Amino acid sequence: MKPLTEPEIRAAFVNCTKGEASRLNVPRDLAEQPWEDLDFLGWRDPQAPDRAYLAAVIDGRTVAVALRSSGAASWQARRSLCSLCVTTHTGGVSLLVAARAGKAGKQGNSVGAYMCSDLACSLYVRGKKEVGTKLHESLTLEEKIGRTIANLAAFLAKVTA
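The structure reproduced in this document is the subject of the present report. Owing to the predicted nature of the structure, the values given are computational and were not obtained by experimental measurement.

**Concerning the environment of Ala 153**
Okay, so step 1: The residue Ala 153 is located in helix H5 (residues 141-160) in this model.
Okay, so step 2: On the basis of relative accessible area, Ala 153 is assigned to the partly exposed category, the value being 25%.
Okay, so step 3: Separated by 28 residues in sequence, Ala 153 and Val 125 place their C-alpha atoms 16 Å apart.

**Side note on the layout of surface pockets**
The gaps left among the atoms become clear once a water-sized probe is rolled over them.
Okay, so step 1: Its volume calculated, the largest pocket comes out at about 480 Å³.
Okay, so step 2: Secondary structure elements with two or more residues in the lining of the largest pocket: helix H2 (18-23), strand S2 (48-58), strand S3 (61-69), strand S6 (93-99) and helix H3 (102-106).
Okay, so step 3: Tallied by class, the residues present in the lining of the largest pocket amount to 10 nonpolar, 5 polar and 7 charged.

**Let's talk about the pattern of salt bridges**
Okay, so step 1: Counted under the stated rule, the structure contains 7 salt bridges.
Okay, so step 2: One salt bridge connects Arg 126 with Asp 39, and the closest N-O pair in it is separated by 2.8 Å. On the criterion of sequence distance, the pair formed by Arg 126 in the loop between helix H4 (121-125) and H5 and Asp 39 in the loop between H2 and strand S1 (41-45) is long-range, its members being 87 residues apart. For the pair formed by Arg 126 and Asp 39, the shared burial category is buried.
Okay, so step 3: Two residues, Arg 147 and Glu 137, come together in a salt bridge whose shortest N-O distance is 2.6 Å. With Arg 147 in helix H5 and Glu 137 in the loop between H4 and H5, this pair connects stretches of sequence that are 10 residues apart.

**With respect to the environment of Ala 55**
Okay, so step 1: The residue Ala 55 is located in strand S2 in this model.
Okay, so step 2: On the basis of relative accessibility, which here comes to 0%, the residue Ala 55 falls in the buried class.
Okay, so step 3: Apart from residues lying up to four places away in sequence, Ala 55 is in contact with Met 1, Leu 4, Ile 9, Phe 40, Leu 41, Trp 43, Val 63 and Ala 64.

Reading the values: rules and limits
Residues numbered from 1 in each chain as written. Predicted model: local features only at pLDDT ≥ 70, side-chain atom pairs only at ≥ 80, totals over all residues. Heavy atoms only, no water. Helix = DSSP H or I, 4+ residues; strand = E, 2+ residues; numbered from the N terminus. Buried < 20%, exposed > 50% of the residue type's maximum accessible area, 1.4 Å probe, protein only. 1 Å grid on protein atoms, 1.4 Å probe; cavity = no way out; pocket = protein on both sides within 12 Å on 5 of 7 lines; lining within 4 Å. Points joined across faces, edges and corners; volume = space filled by probe spheres on them. Nonpolar A, V, L, I, M, F, W, Y, C, P; charged D, E, K, R; others polar. Salt bridge = Lys/Arg side-chain N within 4 Å of Asp/Glu carboxyl O. Contact = heavy atoms within 4.5 Å.

Spelled out as structure tokens, the structure:
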């Protein structure tokens, strides 16, 4: 992924107002991010644990979305599967919900997906970050990366449709 700047990220939000995008917390360590290992930049808001954000470059266009998660529930301690990177975690997957862009979002419509709670899908796929037990897959690393990007693009398409 190409490195993104704070102004690029703020301008790319599709499901919140410009004012909301200007006030949300963008990671301060953008220069230190492992951009070459990222398919998208995902982060949690340190001041609001139920808020998360992700920014990606899809078809040459930067798209960012604001996400919400529910509070911790007892079911989250079970083994779960991330719908983006297809990594299994014990308690490390959350239902993240994005308001749809445009009129649909203003009417309260949203799209949800189960994702790695820390949004580090790219690092899990590449083996840069470990989970407890890893399932064996016969896919190559490039195929796993392609699957993650395709799953992310499908989620973002639902948000922006």
